[in-house]
Amino acid sequence: MGRIIIGLLIIPFFGFTVLHKFYVSVTQINYVEEKQSIQIISRIFIDDMENLLRERYDESIVLAIEDEHKDTNIYLEKYLREKFLITINGKSMPIVFIGKEYDGDIMRCFIEVEGITQIKTFEISNRVLFDIYEEQQNVVKTKIYSRQKSMILTKERPSAMLKFN
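Keep in mind that this is a model prediction, so the values were computed, not measured.

Here S125 shows up in strand β7 (residues 121-126). Given the relative accessible area of 7%, S125 is considered buried. Reaching out from S125, the side chain makes a polar contact with the side chain of R127 at a distance of 2.5 Å. Look past the residues within four positions of S125 in its chain and what remains in contact with it is K83, F84, L85, P158 and S159.

A word on the packing of aromatic side chains. Under the counting rule described, the total for this entry stands at four aromatic pairs. Centre to centre, the rings of Y31 and Y145 are 5.4 Å apart; their planes meet at 80°, and the pair counts as edge-to-face. One end of the pair, Y31, is in strand β1 (residues 24-32); the other, Y145, is in the loop between β8 (137-144) and β9 (147-153), and 114 residues separate them in sequence. Look at Y145 and F164: their rings are 5.8 Å apart centre to centre, the planes differ by 70°, and that puts the pair in the edge-to-face class. Of this pair, Y145 sits in the loop between β8 and β9 while F164 sits in the segment after β10 (159-163), and the two are 19 residues apart along the sequence. When its relative accessible area of 26% is taken as the criterion, Y145 is described as partly exposed. Look at F164 and you get buried, because its relative accessible area is 7%.

Reading guide: rules and limits
- Residues numbered from 1 in each chain as written.
- Predicted model: local features only at pLDDT ≥ 70, side-chain atom pairs only at ≥ 80, totals over all residues.
- Heavy atoms only, no water.
- Helix = DSSP H or I, 4+ residues; strand = E, 2+ residues; numbered from the N terminus.
- Buried < 20%, exposed > 50% of the residue type's maximum accessible area, 1.4 Å probe, protein only.
- Polar contact = N/O pair within 3.5 Å; in protein donor to acceptor, adjacent residues only side chain to side chain.
- Contact = heavy atoms within 4.5 Å.
- Phe/Tyr/Trp six-rings, centres within 6.5 Å; stacked < 30°, edge-to-face > 60°.

Structure representation (structure tokens):
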């Protein structure tokens, strides 16, 4: 009888040993009209980006340490330029990788698009981490001309377009 009670007490704990991993990033995009600039902050889990950089570029990369690999920013910028695309008024715009910082288990990437005088159409394609995580979702929040919009981009639908008339 005692074994049955102990068994009934232990069984529920086994249900919690399998953790479901969520693969998500959150990107905030703001148009700062007076600076003619699109300012972007992308929040990505450090371990997810670390896995990607190791798989793609160099197995020895470790993020969020004091003596980081010397080419980490080069690899990160190269990857973001390939996977994070902005098209404004039908024209593909170059992104400028400003840098990154760490906060707990999150890496914030700072990106800018300069020389934007007017936005009629704004298209974002965010394929970050889709190449290694099937379940990856990239939440994108925009604030353009005081209008806020949020969207979830997936591998099946990696881009979205906003129109301003």
